[in-house]
Amino acid sequence: MSVLVLAEHRKGELREITLEMLSLGDRIAKQNSLQLCVLLLGADKDFVDILKPLCDRIILINSDELKNYSPEPYVKAIKSALTAINPSLILTAHSALGMDLAPALSEELSLPLVTDCVDVKLENKKIITLRQIYGGKIFSELTLKSFNTYLVSIRPGSFEPAQDLGRSATITEIPFETEVFEKRRFLEYIEEKIEDIDITTADILVSIGRGIGKPENIPIVQEFTDEIGAVLSCSRPVADKGWLPKSRQVGTSGKIVRPKIYIALGISGAFQHQIGMKNSKTIIAVNKDPKAPIFNIAHYGVVADMFQVIPLLKEKLKK
Ligand SMILES: Cc1cc2nc3c(=O)[nH]c(=O)nc-3n(C[C@H](O)[C@H](O)[C@H](O)COP(=O)(O)OP(=O)(O)OC[C@H]3O[C@@H](n4cnc5c(N)ncnc54)[C@H](O)[C@@H]3O)c2cc1C
């Protein structure tokens, strides 16, 4: 019996969520005396070196059809891997890829699926999952009925990426019988053109949310931003209203940023926003509502009206 992590890679890079899932998988495997396995589809052999100390077994399936994600060949390959191992739990990412793959896999293999989990436990052969609901304000715990194999997708950023776990994986290669996949096929990656400032490269971001109130208030924050040598970014409602360009939006449907300092002004901190900025080195949040979820991840929090705080912050940060 094992925990199986579906490795995710894109454009020749192993995605960090793979290592995050291995942190979780390691904990579950240890607690339940299970093997920790990774399935690598169409992947670079270099990934094996990264993954070897992080799991007990790596299953490789290689074929041109698997180099880039496409649901049909992926489902077929995963199905064939499951004949080689019998996992109690399959972990996949709640990423663009995982959101497409997991339901197809659940349907094809008749597996119970819980999506977008921030924690998972396996106790007495039952899976308990933790999810956030109501924009991250409430956690919901689900205990699933006993089942042979569960499929769970993990929200990126929920676990620290695994570093050397002291394991030493064996490698199993499984052949892939190629066929013509007609429904969908990968053509190319199209990168979004950055016509505006690239907020992902800024050291300091000042980010505004709906708390800005009206577009006429933006120059107040822009002036503050310029004075401290920062770049202005925003939450989704600000971009949706067209007050700032979409390229400035931070979050799941915007950009993932990791500046040295992230100043969130009038942003509640919905999980879609948090995913985009929670790995910033220092997070400073200003919000009128002391219960705003942004304070759960902020290193410094100010419960106040942002327009009163901006002049004070300006003075402090200029020093
Ligand atoms: C599929 C999907 C994808 C999404 N992707 C993203 C995404 O990429 N990025 C993103 O940001 N959101 C995203 N969202 C939206 C997300 O769920 C939230 O609705 C959004 O983040 C809320 O933005 P906000 O914090 O600016 O607004 P609100 O939640 O309305 O919060 C405004 C905050 O401002 C505070 N406030 C008001 N006035 C002041 C003042 N004068 N001074 C100080 N504080 C004040 C309030 O107390 C409140 O906490 C997505 C949603 C979905 C469904």
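Residues numbered from 1 in each chain as written. Predicted model: local features only at pLDDT ≥ 70, side-chain atom pairs only at ≥ 80, totals over all residues. Heavy atoms only, no water.

Chemist: Got a sec to walk through the overall build of the protein chain? Specific residues and values, please.
Modeler: A tally of regular secondary structure across the protein chain gives nine helices and 16 strands. Scaling as 2.2 N^0.38, a compact globule of 319 residues should have a C-alpha radius of gyration of about 20 Å, and the protein chain matches this with 22 Å. Buried residues in the protein chain amount to 50% of all 319 residues. A separation threshold of at least 6 residues defines the contact pool for the protein chain, and within that pool the share at least 24 residues apart is 63%. Element-wise, carbon and sulfur atoms account for 49% of the exposed surface of the protein chain, whose accessible area totals about 16,200 Å². Of note, the protein chain has its 40 positive side-chain charges centred 6 Å away from the centre of its 40 negative side-chain charges. (Helix = DSSP H or I, 4+ residues; strand = E, 2+ residues; numbered from the N terminus. Rg over C-alpha atoms; globule rule 2.2 N^0.38 Å. Buried < 20%, exposed > 50% of the residue type's maximum accessible area, 1.4 Å probe, protein only. Contact = heavy atoms within 4.5 Å. Areas by Shrake-Rupley, 256 points an atom, 1.4 Å probe, with all protein chains shown as cover. Lys, Arg positive; Asp, Glu negative; His and termini not counted. Charge placed at Lys NZ, Arg CZ, Asp CG, Glu CD.)

Chemist: Tell me about the state of the cysteines, and name the residues and values.
Modeler: Per the stated rule, a full pass over the model turns up zero disulfides. Free of any disulfide, cysteine 37 has its nearest cysteine sulfur in cysteine 55, 7.3 Å distant. By relative accessible area, cysteine 37 is classed as buried at 0%. (Disulfide = S-S within 2.5 Å.)

Chemist: Please provide a residue-by-residue account of the site of the ligand, values included.
Modeler: In the vicinity of the ligand there are 24 residues, among which Ser235, Gln249, Ser253, Ser268 and Asn287 approach most closely. Within the side chain of serine 235, an N or O atom sits 2.5 Å from an oxygen atom of the ligand. A distance of 3.2 Å separates a nitrogen atom of the ligand from a polar backbone atom of lysine 288. Considering the ligand on its own, with 980 Å² of exposed area, one finds that the protein chains cover 73% of that surface. Elements represented by at least two residues in the shell around the ligand include exactly helix H6 (236-240) and helix H7 (271-277). In terms of residue class, the shell around the ligand is made up of six nonpolar, 13 polar and five charged. (Near = heavy atom within 4 Å. Polar contact = N/O pair within 3.5 Å; in protein donor to acceptor, adjacent residues only side chain to side chain. Nonpolar A, V, L, I, M, F, W, Y, C, P; charged D, E, K, R; others polar.)

Chemist: For the pairing of strand E15 (residues 282-287), give the residues involved together with the corresponding values.
Modeler: Extensive coverage of E15 is indicated by the burial of five of its six residues. Inspection of the sheet shows strand E14 (residues 261-265) paired to E15 by five bridges, in the parallel sense. Looking at E15, one finds that isoleucine 263 is bridged to isoleucine 284. Across four bridges, E15 lies against strand E16 (residues 300-303) in parallel orientation. Residue asparagine 287 lies in a different strand from E16, and its bridge partner there is valine 303. (Pairing = 2+ DSSP bridges.)

Chemist: Let's hear about the packing of aromatic side chains: which residues, and what values?
Modeler: Each pair of aromatic rings is reported with the distance of its centres and the angle of its planes. Applying the stated rule across the entire model yields two aromatic pairs. Taking the centre distance of 4.9 Å and the plane angle of 85° together, the rings of tyrosine 69 and tyrosine 74 count as edge-to-face. The burial state of tyrosine 69 is the same as that of tyrosine 74; both residues are buried. One residue, lysine 76, lies across the ring of phenylalanine 176, its end atom 5.4 Å from the ring centre. Here arginine 155 stacks its cationic end above the ring of phenylalanine 271, 3.5 Å away from the centre of that ring. (Phe/Tyr/Trp six-rings, centres within 6.5 Å; stacked < 30°, edge-to-face > 60°. Lys NZ or Arg CZ within 6 Å of the ring centre and 35° of its normal.)

Chemist: Run through the pattern of salt bridges, naming residues and quoting values.
Modeler: Counted by the stated rule, this structure contains 15 salt bridges. A salt bridge links glutamate 108 to lysine 79, with the nearest nitrogen and oxygen atoms 2.8 Å apart. In this pair, glutamate 108 sits in helix H4 (residues 96-109) while lysine 79 sits in helix H3 (residues 71-84), placing the two residues 29 residues apart along the sequence. The exposure class of lysine 79 is partly exposed, given its relative accessible area of 37%. Here arginine 184 and aspartate 100 are joined by a salt bridge, their closest N and O atoms 3.2 Å apart. Taken together, the residues arginine 184 in the loop between strand E11 (170-173) and strand E12 (204-208) and aspartate 100 in helix H4 connect sequence positions 84 residues apart. Where salt bridges share partners, they join Asp26, Lys30, Asp56 and Arg167 into one cluster. (Salt bridge = Lys/Arg side-chain N within 4 Å of Asp/Glu carboxyl O.)

Chemist: So what's going on with the nonpolar core? Which residues, and what values?
Modeler: By size, the foremost hydrophobic cluster in this structure holds 38 residues, and its most contacted members are Leu22, Leu40, Leu51, Leu89, Leu91, Val120 and Ile154. Looking at this core, the elements that each hand over two or more residues are strand E1 (2-6), helix H1 (16-32), strand E4 (35-41), helix H2 (46-51), strand E5 (57-61), strand E6 (87-93), strand E7 (113-123) and strand E10 (150-154). When residues in this core are grouped by element, the largest group, seven residues, is from H1. The residues touching leucine 40, leaving out its near neighbours within four places in the chain, are Ala7, Phe47, Val48, Leu51, Ile58, Ile59, Leu60 and Ile61. (Core = buried A, V, L, I, M, F, W, Y, C linked by side-chain atoms within 4.5 Å.)

Chemist: Which residues make up the domain arrangement of the protein chain, and what values do they have?
Modeler: Splitting the protein chain by domain gives domain 1 (2-173) and domain 2 (199-318). With 10 residues of domain 1 in contact, the opposing surface of domain 2 contributes six residues. Close ionic contact of glutamate 16 with arginine 258 constitutes a salt bridge, the shortest N to O distance being 2.9 Å. Here the residues of the side of domain 1 that touches domain 2 are counted per class, giving one nonpolar, five polar and four charged. (Domains from an automatic or database assignment.)

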